[in-house]
Amino acid sequence: MKKIILSLLMLLIISTILMADAQKVAILEFSSDRESEYVANSLMKRDFSIVFKGFDDIELIDMKKSKKALQASGISNLSYAGVEDIAAMGGELNANIVIWGTISAESSSSFKIVAKIYSMQTNEVSVTSFVVEKKSKQRQQVITEELIPKIQKLGAGEIEKLLNIGMQHFSSKNYTSAEETFQNLVNMDTTNRDGFFYLGLIKFLNKEFEASIEFYNTALEIVPEDKDILNYLSKSYIAMEEFELAAEALEKITEFEENKEIWLSIGNIYAELEYTDQAKDAFNSAIEIDEEYFEAFKALGEVLYNTEFYDEAIAPLEAASNAFPEDDDLWKKLGKCYHKTGKLESAIEKYKQMVIDQPDNKTAYMNLAGAYRETNQNEEALKVLKDLKAIDQDNPKVYLRLADVYIVLENFTKAKANANKAIEIDAELHDSYRGLASIHQKIGYKKYEQFLEYEEMYKDKSVYYGEKADEMSEMITNVKAEANSNFKKAEQYLTETENRTDNSSVISDINKTRKTLSQLKEATKSGGF
């Protein structure tokens, strides 16, 4: 039974090693005492060559070349050779493993061999010893049983060790050392999936996207159905704006795995390309896998909204809005869909009934207030939001909605109070600061309009002269300064907003608003009029 288990273990080790390239082994020299010279010569001239021919996973470098490299090194006794010397000879011979050692007689018929085995990859030396007899077949059998498994295990161990070292470097973000280690790994084992995958990932992180794609594709030749490789391959294509190839890579994953997140990513790529039909199909595929995958409902609703399929967008936007009740942008889009399709009034009636039937349903209040805002029934929206505040006092979104209504009603004092209340509850919510920026911009613009009006009035010298002209001049200066001050505050709040979001549409809006504010600040800076 033990023999069977050992045989199975050997088969497992050998099958693992066979997946790697053949390890190139250089045998430099085995020095001997006088009694062992015959055995040493036999080993170097015949035994090693005969034994190595029986294995596909190890390759003995021509013994003459190894002897020539040793002679060229000028080292007469390998006992005094350092690791650097061995490494230099191994490098010259393009070896993976270098072996040398000694042979000494234990009796007239038995000889002890001490073999040193050096790994070119890990720069480590291991030592093994065994006893052989004078008969050639026995010597070769002992080498096969004692030395060859050590070489094979060293090859397999080197692969695992290099992978672990590479992973440690990668985890420490030491990408240069990680790349060097993984390159050594794939040089040693050209079918190593992990080595090529991490080389691709390192190239991706270094923004060398073409190189990353080459490594990922090499890894896919080894493991064609690998989700992680295909996913990262897609990311590299996206970075190069090769969106169709990115989608193609992800679609290969769906051929062997049902994955809603992958379908969502495919849909987003097609939406970016404005391939509406393909995007719809992808989002619907995600929903078929998970009927409560509301991120896919949201994406589907938005792509239909953006392409003006307002009626078709209503159902997915309703599902997404109910799942994400605090997403104001979703409610605005849903409201516009209702408005465009003539369904807004029926939606209001539906939400009103929901509030009556479910007085604690906060989403229903939000929906109703949003519908009222879409139809400019701002006083009704205000009433609904006040009712909601009574049952949801700690929700910053409620105060943001209130601030929004008060802005429209031009009650800027209450708008600011509600925006600041939202900040008090959650200081990291960017919408609050965007609201305050909008408030100060509107206040500033009203002051700016007043400045222009005063300036026009001041031109009538039949009315404004003497003391009256001085008074008007002072009023112009003051209102102009107030406008400028509010524009500057608006700009400050835009910076606060920007510091709290990476949403591309919000950032785009901030940049456009900054340009407007810059013009308004220039028009209201202190100086003559």
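Residues numbered from 1 in each chain as written. Predicted model: local features only at pLDDT ≥ 70, side-chain atom pairs only at ≥ 80, totals over all residues. Heavy atoms only, no water.

(A) How the structure looks around the sheet that holds strand S5 (residues 125-133). Spatially, S2-S1-S3-S4-S5 is the arrangement adopted by the five strands of the open sheet, whose pairing is mixed. Edge positions in the sheet fall to strand S2 (58-60) and S5, since each has one partner strand and no second. Strand-to-strand twist across the sheet, computed as the mean angle between neighbouring axes with direction ignored, equals 30°. Across nine bridges, strand S3 (residues 97-105) lies against strand S4 (residues 110-119) in antiparallel orientation. Bridging from a neighbouring strand, glycine 101 pairs with alanine 115 of S4. (Pairing = 2+ DSSP bridges. Helix = DSSP H or I, 4+ residues; strand = E, 2+ residues; numbered from the N terminus. Axes fitted to C-alpha atoms, helices over the stretch in contact; angles between N-to-C directions.)

(B) Representation of unusual backbone geometry within the structure. Residue asparagine 376 is not a glycine yet carries a positive backbone phi of 60°. Mapped onto the secondary structure, asparagine 376 falls in the loop between helix H17 (362-374) and helix H18 (378-391). Here the phi dihedral of glutamate 410 falls at roughly 60°; this positive angle occurs in a residue that is not glycine. Mapped onto the elements of the fold, glutamate 410 is located in the loop between helix H19 (396-408) and helix H20 (412-425). Given a relative accessible area of 47%, glutamate 410 falls into the partly exposed group. (Buried < 20%, exposed > 50% of the residue type's maximum accessible area, 1.4 Å probe, protein only.)

(C) Inspection of empty space enclosed by the protein at higher detail. Under the counting rule described, the total for this entry stands at one cavity of 30 Å³ or more. As a volume, the largest cavity reaches approximately 40 Å³. For the lining of the largest cavity, the element with the highest residue contribution is helix H15 (residues 328-340), accounting for four residues. Looking at the lining of the largest cavity, its residues break down into five nonpolar, three polar and no charged. (1 Å grid on protein atoms, 1.4 Å probe; cavity = no way out; pocket = protein on both sides within 12 Å on 5 of 7 lines; lining within 4 Å. Points joined across faces, edges and corners; volume = space filled by probe spheres on them. Nonpolar A, V, L, I, M, F, W, Y, C, P; charged D, E, K, R; others polar.)

(D) Quick peek at H15. The terminal C-alpha atoms of H15, which comprises 13 residues, lie 18 Å apart, in line with the 18 Å expected from a rise of 1.5 Å per residue. The set of residues buried in H15 consists of Asp328, Leu330, Trp331, Lys333, Leu334, Gly335, Cys337 and Tyr338. On its buried face, H15 is in contact with helix H13 (294-306), helix H14 (310-323), helix H16 (344-357), H17 and H19. Once H15 finishes, glycine 342 follows within two positions and takes phi at roughly 70°, a positive value. (Expected span 1.5 Å × (residues − 1). Contact = heavy atoms within 4.5 Å.)

(E) Up close: the nonpolar core. Counting residues in each nonpolar core, the largest one holds 96 residues, and the members touching the most others are Phe182 and Tyr351. When residues in this core are grouped by element, the largest group, eight residues, is from H19. Discounting chain neighbours no more than four positions away, the residues touching tyrosine 351 are Trp331, Leu334, Tyr338, Ala364, Asn367, Leu368 and Ala371. (Core = buried A, V, L, I, M, F, W, Y, C linked by side-chain atoms within 4.5 Å.)

(F) Representation of the side chain of threonine 128 within the structure. If you trace the backbone, threonine 128 turns up in strand S5. Non-local contacts of threonine 128, meaning those with residues more than four positions away in its chain, are made with Ile113, Val114, Ala115, Ile117, Leu147 and Lys150.

(G) Structural detail: the pattern of salt bridges. If you walk through the whole model with that rule in mind, you get 28 salt bridges. One salt bridge connects glutamate 312 with lysine 280, and the closest N-O pair in it is separated by 3.3 Å. Placement of the pair is glutamate 312 in helix H14 and lysine 280 in helix H12 (residues 276-289), with a sequence separation of 32 residues. You can call glutamate 312 partly exposed: its relative accessible area is 39%. In this structure, glutamate 456 and lysine 459 form a salt bridge, with 3.3 Å as the shortest nitrogen-oxygen distance. Taking relative accessible area as the criterion, lysine 459 reaches 56% and is therefore assigned exposed. Here the residues in one salt-bridge network are Glu179, Lys203 and Glu208, joined through shared partners. (Salt bridge = Lys/Arg side-chain N within 4 Å of Asp/Glu carboxyl O.)

(H) Main features of the layout of surface pockets. If you add up the space inside the largest pocket, you get close to 1300 Å³. Lining the largest pocket are 33 residues, and of these Asp328, Asp329, Lys332, Asp431 and Val506 lie nearest its centre. Of all elements in the fold, only H13, H15, H17, H19, helix H21 (430-458) and helix H23 (504-523) reach the threshold of two or more residues within the lining of the largest pocket. The greatest single-element share of the lining of the largest pocket, amounting to seven residues, is contributed by H19.

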